[in-house]
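What follows is the residue order along each chain.
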Amino acid sequence: MNLDFIIFISLMVLGYTAGSLAERGHFKSLIRREDATMKQPVVTFEDGYELPAGAKFRKSTLVSGSVVISIDYFKRFLASLRFLVGGRVGAYESLLDRARREAILRMKYQAGGADIILGMRVETSTIGGRRKNNKGLGSVEAVAYGTAVWVDEISPQIT
Amino acid sequence: MIELTSIQYLPGKRIVEHYGLVQGSTIRAKHLGRDLMASLKNLVGGELKGYTELLSEARAEATSRMVKQAERFGANAVINVRYATSSVAQGAAELFAYGTAVKVEPE
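What comes next is a walk through the structure.

Thresholds, definitions, all that
Residues numbered from 1 in each chain as written. Chains lettered and ligands numbered in written order. Predicted model: local features only at pLDDT ≥ 70, side-chain atom pairs only at ≥ 80, totals over all residues. Heavy atoms only, no water. 1 Å grid on protein atoms, 1.4 Å probe; cavity = no way out; pocket = protein on both sides within 12 Å on 5 of 7 lines; lining within 4 Å. Points joined across faces, edges and corners; volume = space filled by probe spheres on them. Helix = DSSP H or I, 4+ residues; strand = E, 2+ residues; numbered from the N terminus. Nonpolar A, V, L, I, M, F, W, Y, C, P; charged D, E, K, R; others polar. Salt bridge = Lys/Arg side-chain N within 4 Å of Asp/Glu carboxyl O. Buried < 20%, exposed > 50% of the residue type's maximum accessible area, 1.4 Å probe, protein only. Contact = heavy atoms within 4.5 Å. Buried area = accessible area lost by both parts, 1.4 Å probe. Polar contact = N/O pair within 3.5 Å; in protein donor to acceptor, adjacent residues only side chain to side chain. Pairing = 2+ DSSP bridges. Axes fitted to C-alpha atoms, helices over the stretch in contact; angles between N-to-C directions. Phe/Tyr/Trp six-rings, centres within 6.5 Å; stacked < 30°, edge-to-face > 60°.

What follows is about empty space enclosed by the protein. In this structure the tally under the stated criterion is 2 cavities of 30 Å³ or more. Here the largest cavity defines a volume of roughly 60 Å³. Residue lining of the largest cavity: 14 residues in total, with A:E23, A:S70, A:I71, A:D72 and A:R98 positioned closest to the centre. Listing elements by their share of the lining of the largest cavity, those giving two or more residues are α1 (3-36), β1 (55-72) and α3 (90-110) of chain A together with β3 (45-47) of chain B. Ranked by the residues each element gives to the lining of the largest cavity, the list is headed by α3(A), at 4 residues. Taken together, the residues of the lining of the largest cavity break down into 5 nonpolar, 5 polar and 4 charged.

Applying the stated criterion across every chain yields a total of 16 salt bridges over all chains. For the salt bridge of A:E23 with A:K75, the shortest nitrogen-to-oxygen distance reads 2.6 Å. With A:E23 in helix α1 and A:K75 in helix α2 (residues 73-85), this pair connects stretches of sequence that are 52 residues apart. Of the two residues examined, A:E23 and A:K75, each falls in the buried class. Here B:R82 and A:E46 are joined by a salt bridge, their closest N and O atoms 3.5 Å apart. Linking B:R82 in strand β4 (residues 77-89) with A:E46 in the loop between α1 and β1, this pair reaches from one chain into another.

By a widely used convention, the size of an interface equals the accessible area lost when the partners come together. Taken together, the contact between chain B and chain A spans 35 residues of the former and 41 residues of the latter. Carbon and sulfur atoms make up 53% of the area that chain B and chain A hide from each other, which totals about 3,200 Å². Interface area lost by chain B to chain A is led by B:N42, B:L43 and B:Y83, which between them contribute 18%. Between the two partners, chain B and chain A, sit 3 salt bridges. Ionic pairing is found between B:R59 and A:E141, a salt bridge with its closest N-O pair at 3.1 Å. Our enumeration of links across chain B and chain A arrives at 10 residue pairs in polar contact (both at pLDDT 80 or more). Listed by contribution, the elements that provide at least two residues to the side of chain B that touches chain A are β1 (3-4), α1 (32-44), β3, α2 (49-73) and β4 of chain B. Take the side of chain B that touches chain A: its biggest share by element is 7 residues, from β4(B). Counted by class, the side of chain B that touches chain A contains 13 nonpolar, 15 polar and 7 charged residues.

Residue and element names in this part refer to chain B. The 4 strands are arranged β1-β4-β5-β2 in an open sheet whose pairing can be described as mixed. Sheet topology places β1 and β2 (13-29) at the edges, where each strand pairs with a single neighbour. As paired elements, β4 and strand β5 (residues 92-106) share 9 bridges and run antiparallel to each other. By the bridge assignment for β5, V78 is matched with A101. Sheet strands in contact with α2 are β1, β2, β4 and β5, and its direction is about 140 degrees off that of β2.

To continue, consider the packing of aromatic side chains. All names here are of chain A. The final tally for this structure, using the stated rule, is 7 aromatic pairs over all chains. Judged by centre distance (6.3 Å) and plane angle (65 degrees), the ring pair of F8 and Y73 falls under edge-to-face. Taken together, the residues span a long stretch of sequence, with F8 in helix α1 and Y73 in helix α2 at a distance of 65 residues. The exposure class assigned to Y73 is partly exposed, which follows from its relative accessible area of 23%. Ring pairs connect the aromatic residues F8, Y73 and F77, which therefore count as one cluster.

And the structure:
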């Protein structure tokens, strides 16, 4: 049998098993961490945040989180087939979804304990491969950033 | 210490002076060792930790150049900071940070 073909098939199998294992694990961990940080509000608006009565701004700072994620061999092949016929490219959808959610989570962790994150922005970009035959987007970077705000209660409630 | 925000004001502070746009940028190339690891990772998928680090280091560098420019103006805060990334050549990326330098004082 042709050696190239054997290499191709084994890369496909490797990409498929390792890739889908990694993806499933990542989604599971994303959901777990998103549940854990649910109490940390993140908003895209800039003004209109009303302080609770008697509270005062303590400090604010820029926070950000970023991640670079690569697609696996199998999905890249799948996508290249999809490029022939057009339509929804599911393989890349999940890649971008993972990257954005991970970036937002990392931003939240950096802001740990802030009362709110205002004016959040998410930016996505692709990192070009070095080799010429690197078709499609190999890896994608997502960065999330916003302004973390800490609030001081002037009259702490006595319980 | 220069304070940074991604919104149009600094919570709890009043803007007393505007100095206009400040910016910083840097272009970074991947290095061969990291690229080798990355091309292996390209087969199985997943996070490219080397690149994540590289890009966040570069972004910090761009930010600090922007901050230096703001300091020269005598500003003590940069508001409405935005980040942009563009790939200039294969294997290299430009990280760009820009914002508005202002002077703030407590309300």
